[in-house]
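# Remarks on the overall topology
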Amino acid sequence: MVALDEYESGLCKQCGQPLEETTKPEYDFNNPFGVALYEAAPNTPVQCHCCAALQRSERDTNALNPQFPGAMLHAVRLVRRG
């Protein structure tokens, strides 16, 4: 568990990539002497339909617990049409 904690603490909280790699000055978009840079992947962004369903559920049920809407647990499932 300690090793997992240590590993996860070294990851960016947004993109999940290793901070040791993603924060290198030579990868800074604004560094004219940089050797590489991160750019958006082709054919992105795309919508995750599962995440969209979760967000619809959150939006539609926030009134059920207005004091602590973040405490509501949401789940979605894939249902075949028809």
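Data block above holds the structure.
Calculation notes
- Residues numbered from 1 in each chain as written.
- Predicted model: local features only at pLDDT ≥ 70, side-chain atom pairs only at ≥ 80, totals over all residues.
- Heavy atoms only, no water.
- Helix = DSSP H or I, 4+ residues; strand = E, 2+ residues; numbered from the N terminus.
- Buried < 20%, exposed > 50% of the residue type's maximum accessible area, 1.4 Å probe, protein only.
- Phe/Tyr/Trp six-rings, centres within 6.5 Å; stacked < 30°, edge-to-face > 60°.
- 1 Å grid on protein atoms, 1.4 Å probe; cavity = no way out; pocket = protein on both sides within 12 Å on 5 of 7 lines; lining within 4 Å.
- Points joined across faces, edges and corners; volume = space filled by probe spheres on them.
- Salt bridge = Lys/Arg side-chain N within 4 Å of Asp/Glu carboxyl O.

Going from Thr44 to Pro45, the amide bond is cis rather than trans, its omega being 5 degrees. Within the element layout of this structure, Pro45 appears in the loop between α2 (19-22) and α3 (49-61). Its identity is not glycine, yet Asn43 carries a phi of approximately 60 degrees, on the positive side. Looking at Asn43, the relative accessible area reads 74%, which means it is exposed.

On to the packing of aromatic side chains, then. Per the counting criterion, the structure on display carries one aromatic pair. Judged by centre distance (6.1 Å) and plane angle (85 degrees), the rings of Tyr27 and Tyr38 are edge-to-face. Here Tyr38 lies in the loop between α2 and α3 and Tyr27 lies in the loop between α2 and α3, a separation of 11 residues in the sequence.

In this structure, the largest pocket spans a volume of roughly 150 Å³. In this structure, the largest pocket is lined by His49, Cys50, Ala53, Arg56, Val76, Arg77, Leu78 and Val79.

Tallied over the entire structure, the rule returns two salt bridges. In this structure, Glu21 engages Lys24 in a salt bridge whose closest nitrogen and oxygen atoms are separated by 3.4 Å. The class of Glu21 is partly exposed, set by a relative accessible area of 31%. Taking relative accessible area as the criterion, Lys24 reaches 29% and is therefore assigned partly exposed.

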